[in-house]
Amino acid sequence: GGKMSKDEVSEAARIMGYGACKYADLKNNRTSNYVFSYDRMLELKGNTAVYLLYAHARVAQILVKAGVADEAGMKVALESADGNIPLNMDKILEDGKAVVHITAPQERALALHIARLPEMLDDTLDGLNPHRICEYLYELANFYSSFYTECRVVGSDQQKSRLLLCESTARVMRKCLDLLGIEALYRL
């Protein structure tokens, strides 16, 4: 999208700051000690909230680039209870159906990881281990990054299918962030 306003930058900084602190605390096993470090919390790479928020914003912007969502929809998503982005489903569905065609190993790895969400949530609840959500979310961001690097989305023959994978990834990311008490960012 376009340039962010001063208010949008301030809001993004607030979300990243709070998210970084919460995530740094929750990503560790609750029975382990850890060192509190703002520098590590705010790193752009690695298992940090800043990296994950950036990853979510990147997915959201692909939906905008493909014309499936727009900037106004991103504002609606920020203000809605579920955080879901209003989508132009005609640009994703094939004959009214959501169909994902797996044609690359990166698509398969991403789709399989997304499908593991219920299992991860069961494990998290069984052991009262919120760090499992953090591990899953970080792995999801990495699977998505590999997918995005290796599989062209916008303008590809598999655009609809790949946009469904992008939207599924974004929804799962938002759900995990929400469970951790962290707001999602839609642009940076």
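Residues numbered from 1 in each chain as written. Predicted model: local features only at pLDDT ≥ 70, side-chain atom pairs only at ≥ 80, totals over all residues. Heavy atoms only, no water.

### A closer look at the overall build of the protein
Next up, step 1: Looking only at helices and strands, one finds eight helices and zero strands in the protein.
Next up, step 2: From first element to last, N terminus to C terminus, the protein shows the α and β order α-α-α-α-α-α-α-α.
Next up, step 3: With 188 residues in all, the protein has 40% of them scored as buried.
Next up, step 4: Taking all contacts inside the protein whose residues are at least 6 apart in sequence as the whole, residues at least 24 apart take part in 73%.
Next up, step 5: Within the structure as shown, the protein displays about 10300 Å² of accessible surface, and the carbon and sulfur contribution to it stands at 52%. (Helix = DSSP H or I, 4+ residues; strand = E, 2+ residues; numbered from the N terminus. Buried < 20%, exposed > 50% of the residue type's maximum accessible area, 1.4 Å probe, protein only. Contact = heavy atoms within 4.5 Å. Areas by Shrake-Rupley, 256 points an atom, 1.4 Å probe, with all protein chains shown as cover.)

### With respect to the pattern of salt bridges
Next up, step 1: A complete count under the given rule lists six salt bridges for this structure.
Next up, step 2: Residues E8 and R187 are paired through a salt bridge, measuring 3.7 Å at the closest nitrogen-oxygen approach. With E8 in helix α1 (residues 6-26) and R187 in the segment after α8 (159-179), this residue pair connects regions lying 179 residues apart in the sequence.
Next up, step 3: According to the relative accessible area criterion, E8 is partly exposed, its value standing at 24%.
Next up, step 4: The exposure class of R187 is buried, given its relative accessible area of 14%.
Next up, step 5: The partner of E167 in a salt bridge is R174, with the nearest N and O atoms 3.7 Å apart. When sorted by exposure, E167 lands in the same class as R174, which is buried.
Next up, step 6: Each of E11, R14 and E183 takes part in one network of salt bridges that share partners. (Salt bridge = Lys/Arg side-chain N within 4 Å of Asp/Glu carboxyl O.)

### Overview of the side chain of H113
Next up, step 1: Structurally, H113 can be placed in helix α5 (residues 105-115).
Next up, step 2: Residue H113 is classed as buried on the basis of its relative accessible area of 3%.
Next up, step 3: When near neighbours in sequence (up to four residues on either side) are disregarded, H113 contacts Y136, E139, L140 and F143.

### Thoughts on the nonpolar core
Next up, step 1: Residues F147, L163, C166 and C176 are the most contacted members of the largest nonpolar core, which totals 47 residues.
Next up, step 2: Going through the elements one at a time, α1, α3 (49-65), α5, α6 (117-127), α7 (131-150) and α8 are the ones with two or more residues in this core.
Next up, step 3: When residues in this core are grouped by element, the largest group, 10 residues, is from α3.
Next up, step 4: For F147, the contacting residues outside a window of four places in its chain are Q106, E107, L110, V153, R162, L165 and C166. (Core = buried A, V, L, I, M, F, W, Y, C linked by side-chain atoms within 4.5 Å.)

### A look at the packing of α5 against α7
Next up, step 1: One can describe the packing of α5 onto α7 by two numbers: an axis separation of 8 Å at closest approach and a directional angle of 155°. Our classification of the angle between α5 and α7 gives roughly antiparallel. Of the two elements, α5 crosses α7, and the hand of that crossing is left-handed. Counting all contacts with α5, which are made through Q106, E107, A109, L110, H113 and I114, the residues of α7 involved are Y136, E139, L140, F143, Y144, S146, F147 and E150. (Axes fitted to C-alpha atoms, helices over the stretch in contact; angles between N-to-C directions. Parallel < 35°, antiparallel > 145°, perpendicular 65-115°, else oblique. Left-handed = near helix turned anticlockwise from the far one by under 90°.)

### So, the packing of α3 against α8
Next up, step 1: Taken N-terminus to C-terminus, the directions of α3 and α8 make an angle of 145°; their axes are 9 Å apart at the nearest point. Handedness of the α3/α8 crossing: left-handed. Two secondary-structure elements touch here, α3 through L52, L53, A55, H56, V59, I62 and L63 and α8 through L163, C166, E167, T169, A170, M173, R174 and L177.
Next up, step 2: For the contact of α3 with α8, the per-class residue count stands at 11 nonpolar, two polar and two charged. (Nonpolar A, V, L, I, M, F, W, Y, C, P; charged D, E, K, R; others polar.)

### Considering unusual backbone geometry
The phi angle of most residues is negative, glycine excepted, and most peptide bonds adopt the trans form.
Next up, step 1: A positive phi is found at L128, a non-glycine position, where the angle reads about 50°.
Next up, step 2: Here L128 shows up in the loop between α6 and α7.
Next up, step 3: Residue classification places L128 among the exposed positions, given a relative accessible area of 57%.

### Things to note about the environment of D123
Next up, step 1: Secondary-structure assignment places D123 in helix α6.
Next up, step 2: When its relative accessible area of 36% is taken as the criterion, D123 is described as partly exposed.
Next up, step 3: The sequence separation of D123 and I133 amounts to 10 residues, and the corresponding C-alpha distance is 9.4 Å.

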